[in-house]
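So you can see what is in the structure, the chains are spelled out below.
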Amino acid sequence: MSEQAQIREQLLASAEALVPVLRERAPGAERLGQLQPETIADFQKAGFFKIVQPKKWGGYECHPNVFFEVQMKLAEGDMSAAWVLGVVAIHNWQMALFDDQAAQDVWGQDPSVLLSSSYMPVAKIERVEGGFNFSGRWGFSSGSEHCDWVFLGGMIPPEKEGGAPDMRTFLLPRSDYEIVENWDVMGLKATGSNDIVVKGAFVPEHRTHKGIDAFLLQSPGNAINTDPLYKIPFGQIFPRAVSTAAIGALQGALNAYNEVTAARVGKNDGKKTSTEPAAQYVAAEASATVDELRLVLFSSFDRMMEAAAGGEPLTESERVKMRWESAVVVQKCCEAVDKLMGCSGGSAIFNDHPMNKFFRDIHSGRGHVANTPEKFGRNWGSYQFGGPNTDFFI
């Protein structure tokens, strides 16, 4: 067995072992509004944050499908935990694209340091010598309480009139920002996706990453981190970090549904629910949805890694299509979990019913801007009719 195969086997075994642990911790994490420190410690011990981190910093540089397999498995226990892992750990991948000095700044003393993010391009930015004065307020920074650095989005105004704006990710240490605890939501309660406030911090040039470099696969860090893993589009891997947990959560919902339904007897007619045709059909349909979404996910990243390793380059058409396929994931999961809830009876509306949390979490994941399929579906549909691509985050 190859080293990478052994790493994958170990990671998946660790994830499987944590599923019942996460399920047990989930109510407490919801009350807390964030994951417990011991969950982050478990993820660190298992090596989950290392999956797509550069080997230079102790990472595994695994195929992205390994990362997403782990995320989906964890979501069977708690989608909030899988969501935080997905968002936070994918930042270790993006750090590989920055100027190497930025990675030195973050990991020079401790390569286990974590980063949160909010890519909303809402910063107020002023060019100064050596970098930028940077201020603003950002929402939805998942896992921020467990992180010591943050990625924040900003649009630098064009230097010359008529020029194109420069969209970048800005990297800031914890001393330069404040976390505002305002996460009071119906689902994904334990993601701790609080606001970030910055009041006049200086960000040096090397702690910025240009969106155009990510699009063109020509980031500064590619000179140091040469594995094909870091030559896939940021606009493909990050959206998957916020859609893939829903696939695992749907599998978790199906597991819960099957367990409850197998023992459930209708109070009005005394019949076993498992003998009802509708109850049987929605189980089959949900299972097929999970299989479909997993297969498309794995196929996409196999193709991306093939291209990154020197194969036929990705076409614009492929990138537009793959972006749409990520955006529609959570919508499909919502439709499937709705049907499972509809066949679970009135008791499923109680918060302690095993189906209830999966239902709330999946629907909450649908609210992320990357998981709103209409815009991306229109783009892919129009593209098939010969229209231009209108999304440059691909």
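Predicted model, so just to flag it, every value in this text is computed and none were measured.

Where do I start with the sheet that holds strand S4 (residues 149–156) in this structure?
The strands that make up a sheet are held in pairs by hydrogen bonds between backbone atoms, and each pair lies either parallel or antiparallel. Spatially, the four strands line up as an open sheet ordered S1-S4-S5-S8, and their pairing is mixed. Strands at the two margins of the open sheet, each flanked by one partner only, are strand S1 (115–118) and strand S8 (208–210). Each neighbouring strand pair of the sheet contributes to a mean axis angle of 25 degrees, computed without reference to strand direction. As paired strands, S1 and S4 are joined by four bridges and run parallel to one another. Residue pairing for S4: Ser118 is matched across the bridge by Leu152. Of the strands in this sheet, S1, S4, strand S5 (166–173) and S8 are in contact with helix H4 (residues 79–94), which crosses S1 at around 95 degrees.

I keep staring at the environment of Phe98 and nothing clicks. Help me out?
Along the chain, Phe98 turns up in the loop between H4 and helix H5 (100–107). The exposure class assigned to Phe98 is buried, which follows from its relative accessible area of 1%. For the pair formed by Phe98 and Asn225, sequence separation is 127 residues and the distance between their alpha carbons is 9.9 Å.

Mind showing me how you'd approach the pattern of salt bridges here?
Opposite charge on two side chains allows them to pair when their charged atoms are near. Scanning the entire structure with this criterion turns up 19 salt bridges. Across the pair Asp42 and Arg25 runs a salt bridge, and its minimum N-O distance is 2.8 Å. With a gap of 17 residues between them, Asp42 in helix H2 (residues 37–46) and Arg25 in helix H1 (residues 3–32) connect regions that are remote in the sequence. We note a salt bridge from Lys339 to Glu285, for which the minimum N-O separation is 3.1 Å. Taken together, the positions of Lys339 in helix H11 (residues 329–342) and Glu285 in helix H9 (residues 277–308) put the pair 54 residues apart, joining distant regions of the chain. Judged by its relative accessible area of 39%, Lys339 is partly exposed. Taken together, the salt bridges that share partners define one network made up of Glu16, Lys73 and Glu76.

I keep staring at the pairing of strand S7 (residues 194–204) and nothing clicks. Help me out?
For a regular strand, the rule is simple: side chains alternate between the two faces of the sheet. Counting buried residues in S7 gives eight out of 11 residues, a clear majority hidden from the surface. One ladder, built from eight bridges, connects strand S3 (residues 131–141) with S7; its direction is antiparallel. The residue bridging Ser141 from the neighbouring strand is Asn194, located in S7. With three bridges joining them, strand S6 (residues 178–180) and S7 adopt antiparallel strand pairing. Looking at the pairing, Ile179 lines up with Ile196 of S7.

For this particular structure, what's the right way to read the packing of aromatic side chains?
The geometry of an aromatic ring pair is captured by two quantities: the separation of the ring centres and the angle between the planes. All told, the structure shown has 17 aromatic pairs when counted by the stated rule. Both rings, one in Tyr119 and one in Phe238, keep their centres 4.9 Å apart while their planes meet at 70 degrees; by these two values the pair is edge-to-face. One end of the pair, Tyr119, is in the loop between S1 and strand S2 (124–128); the other, Phe238, is in helix H7 (residues 234–241), with 119 residues separating them in the sequence. Take Tyr119 and Phe238: they sit in the same class, and that class is buried. An angle of 15 degrees between the planes, with centres 5.3 Å apart, marks the rings of Phe134 and Trp138 as stacked. The buried category is assigned to Phe134, whose relative accessible area is 0%. Ring pairing ties together the aromatic residues Trp93, Phe98, Tyr119, Phe151, Phe234, Phe238 and Phe393, which thus form one cluster. Sitting above the plane of the Phe215 ring, Arg319 keeps its charged end 4.7 Å from the centroid.

Would you take a moment to explain a nonpolar patch on the surface for this structure?
On the surface, Met120, Val122 and Phe140 cluster together to form a nonpolar patch covering roughly 270 Å² of accessible area. Take Phe140: it is sitting in strand S3.

Hey, could you run me through the packing of H7 against H9 in this one?
Between two packed helices, both the angle of their axes relative to each other and the distance between the axes serve to describe the pair. Closest axis-to-axis distance for the H7/H9 pair is 12 Å, and the angle between their directions is 155 degrees. The orientation of H7 with respect to H9, classified from their angle, is roughly antiparallel. Relative to H9, H7 is oriented so that their crossing is left-handed. Together, Gln236, Ile237 and Arg240 of H7 and Val296, Leu297, Ser300, Phe301 and Met304 of H9 make up the contact between the two elements.

What's the story with the sheet that holds S2 in this structure? I'm lost.
Here four strands make up an open sheet; going across it, the order is S2-S3-S7-S6 and the pairing antiparallel. Strand pairing shows two members of the sheet lacking a second neighbour, S2 and S6, which therefore form its edges. When the angles between neighbouring strand axes are averaged without regard to direction, this sheet yields 15 degrees.

Parameters and conventions
Residues numbered from 1 in each chain as written. Predicted model: local features only at pLDDT ≥ 70, side-chain atom pairs only at ≥ 80, totals over all residues. Heavy atoms only, no water. Pairing = 2+ DSSP bridges. Helix = DSSP H or I, 4+ residues; strand = E, 2+ residues; numbered from the N terminus. Axes fitted to C-alpha atoms, helices over the stretch in contact; angles between N-to-C directions. Contact = heavy atoms within 4.5 Å. Buried < 20%, exposed > 50% of the residue type's maximum accessible area, 1.4 Å probe, protein only. Salt bridge = Lys/Arg side-chain N within 4 Å of Asp/Glu carboxyl O. Phe/Tyr/Trp six-rings, centres within 6.5 Å; stacked < 30°, edge-to-face > 60°. Lys NZ or Arg CZ within 6 Å of the ring centre and 35° of its normal. Patch = residues over 30% accessible without salt bridge, like charges linked within 9 Å, V, L, I, M, F, W, Y side chains within 5 Å. Areas by Shrake-Rupley, 256 points an atom, 1.4 Å probe, with all protein chains shown as cover. Parallel < 35°, antiparallel > 145°, perpendicular 65-115°, else oblique. Left-handed = near helix turned anticlockwise from the far one by under 90°.

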